[in-house]
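Per-entry structural report
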Amino acid sequence: MTGNSTVLKTRGLSVYYDGEAALRDVDMDIDRNRVTAVIGPSGCGKSTFLRCLNRMNDLVEGARVKGEVLFEGKNVYDDDVDPVKLRRAIGMVFQKPNPFPKTVFDNVAYGPRLHGVGDRSGLREVVENSLRRAALWEEVSDRLDESALSLSGGQQQRLCIARAIAVEPEVLLMDEPASALDPVATSKIEDLIHDLKEEYTVVIVTHNMQQAARISDTTGVFLTGGVLEEYDSTGKIFENPDSKRVEDYITGKFG
Ligand SMILES: Nc1ncnc2c1ncn2[C@@H]1O[C@H](COP(=O)(O)OP(=O)(O)OP(=O)(O)O)[C@@H](O)[C@H]1O
Ligand SMILES: [Mg+2]
């Protein structure tokens, strides 16, 4: 790989819920094949920001988005962008694992089927590959026909990651993907995120500063009011931030 390229750019991005600003004028460049962490106190707009990137806010009643989100140079809010296609390219994993009440196999095969992979052997291949990349294959290869709901929480979350990967997205958005998991499952997810960046760009919201410091290359700190207070390499943010407010937040003085 030669240097970094920017895959996502926000310009003057603001979000209002029923007229009230939750995100204010955010400019952020997100590099390809990197893990970008988004941190900040509760209510500062982290989830709102993440949802803007693949237009999930379209589905939120009362939400209005201003400004631009450029994905490979194209504003995702342009009229000719199909949000369903966009969400295929920019997938999302949520805080609470949300597998469909279907078999393990059918969860992962869901997207590929929707996008036209019909034959059984093609599907089997996609399912196996996705489960391998999500570091789950060894645990479920003999449970493919069992209900996804019979898996543990940590396995369910990796299944949701496999489901997101199965449609070959370019970017994976993760909103506190490990916050409902125990330390062992959390560490598996963290290792997985580290491996995923070879193929994908990951943007992850986390409440856990140590986690952000461990797994990310770049960190954005949002503060109350939806302002991106500082955005820089993770080392800089955690060791020597420019903003006193960021330093106070990182060192636990508030938030
Ligand atoms: N659907 C909604 N309708 C109205 N207000 C909302 C909606 N979603 C979020 N908000 C408000 O927007 C602000 C930002 O919310 P958001 O969920 O993005 O914060 P967050 O940083 O993800 O918080 P947390 O760390 O608690 O998950 C909050 O004040 C919240 O109350
Ligand atoms: Mg949130």
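Just above, that's the structure.
The paragraphs below set out a description of the structure included in this document. (Residues numbered from 1 in each chain as written. Chains lettered and ligands numbered in written order. Predicted model: local features only at pLDDT ≥ 70, side-chain atom pairs only at ≥ 80, totals over all residues. Heavy atoms only, no water.)

What about the site of ligand 1?
Defined as follows: By convention in these notes, a residue is near a molecule or strand provided one of its non-hydrogen atoms lies within 4 Å of it. Whenever a nitrogen or oxygen atom comes within 3.5 Å of another N or O atom, the pair is scored as a polar contact, on the condition that within protein one atom can donate a hydrogen and the other can accept it, and that pairs from neighbouring residues in sequence are kept only if both atoms are in side chains. Under the convention used here, a 1.4 Å probe and the Shrake-Rupley method define accessible areas, while residue burial counts only the protein chains that appear.
Taken together, the neighbourhood of ligand 1 is formed by 14 residues, with S42, G43, K46, S47 and T48 sitting nearest. With respect to ligand 1, the side chain of K46 contributes an N or O atom lying 2.7 Å from an oxygen atom. In this structure, S47 approaches ligand 1 through a side-chain N or O atom, which is 2.8 Å from an oxygen atom. About the coverage of ligand 1: the protein hides 61% of its 630 Å² of free accessible area.

Comments concerning the packing of helix α4 (residues 120-133) against helix α6 (residues 153-165)
Using the following cut-off: The axes used here are C-alpha line fits, helices contributing only the stretch in contact, and every angle between their N-to-C directions lies in the interval 0 to 180 degrees. Secondary structure follows DSSP: runs of H or I at least 4 residues long count as helices, runs of E at least 2 residues long count as strands, and numbering of each begins at the N terminus. Any angle from 65 to 115 degrees is called roughly perpendicular, while one under 35 is roughly parallel, one over 145 is roughly antiparallel, and all others are oblique. Left-handed describes a crossing whose near helix is turned anticlockwise from the far helix through less than a right angle; right-handed describes the clockwise counterpart. Contact criterion: two residues are considered in contact whenever any of their non-hydrogen atoms come within 4.5 Å of each other. Ten residue types, Ala, Val, Leu, Ile, Met, Phe, Trp, Tyr, Cys and Pro, are classed as nonpolar, four, Asp, Glu, Lys and Arg, as charged, and the remainder, Gly among them, as polar.
Two elements in contact, α4 and α6, have axes separated by 8 Å at closest approach and are oriented at 125°. Taken together, the axes of α4 and α6 lie oblique to each other. In the crossing of α4 with α6, the sense of the turn from one axis to the other is right-handed. The segment α4 lies against α6, with S130, L131 and R133 engaging L159, A162 and I165. Split by residue class, the contact of α4 with α6 holds four nonpolar, one polar and one charged.

Comments concerning the sheet that holds strand β3 (residues 35-39)
Put simply, the rule is: For two strands to count as paired, DSSP must find a minimum of two bridges between them.
In spatial order, the strands read β6-β7-β8-β3-β9-β10; together these six strands make up an open sheet with mixed pairing. On the outer flanks of this sheet lie β6 (90-93) and β10 (227-233), each paired with one strand and no other. Neighbour to neighbour, the strand axes of the sheet diverge by 15° on average, direction disregarded. As judged from the four bridges shared by β6 and strand β7 (residues 171-175), these two strands associate in the parallel manner. Opposite M92, over in β7, you have L173 as the bridge partner. Packed onto the sheet, α6 meets β6 and β7 and runs at close to 170° relative to β6.

Description of the packing of α6 against helix α7 (residues 183-196)
Where α6 meets α7, the axes come as close as 9 Å, and the angle between the chain directions of the two elements is 20°. Considering the angle they form, α6 stands roughly parallel to α7. For α6 against α7, the interelement crossing comes out right-handed. In contact with G154, Q157, R158, I161 and I165 of α6, α7 contributes A185, K188, I189, L192 and L196. Taken together, the residues that form the contact of α6 with α7 break down as six nonpolar, two polar and two charged.

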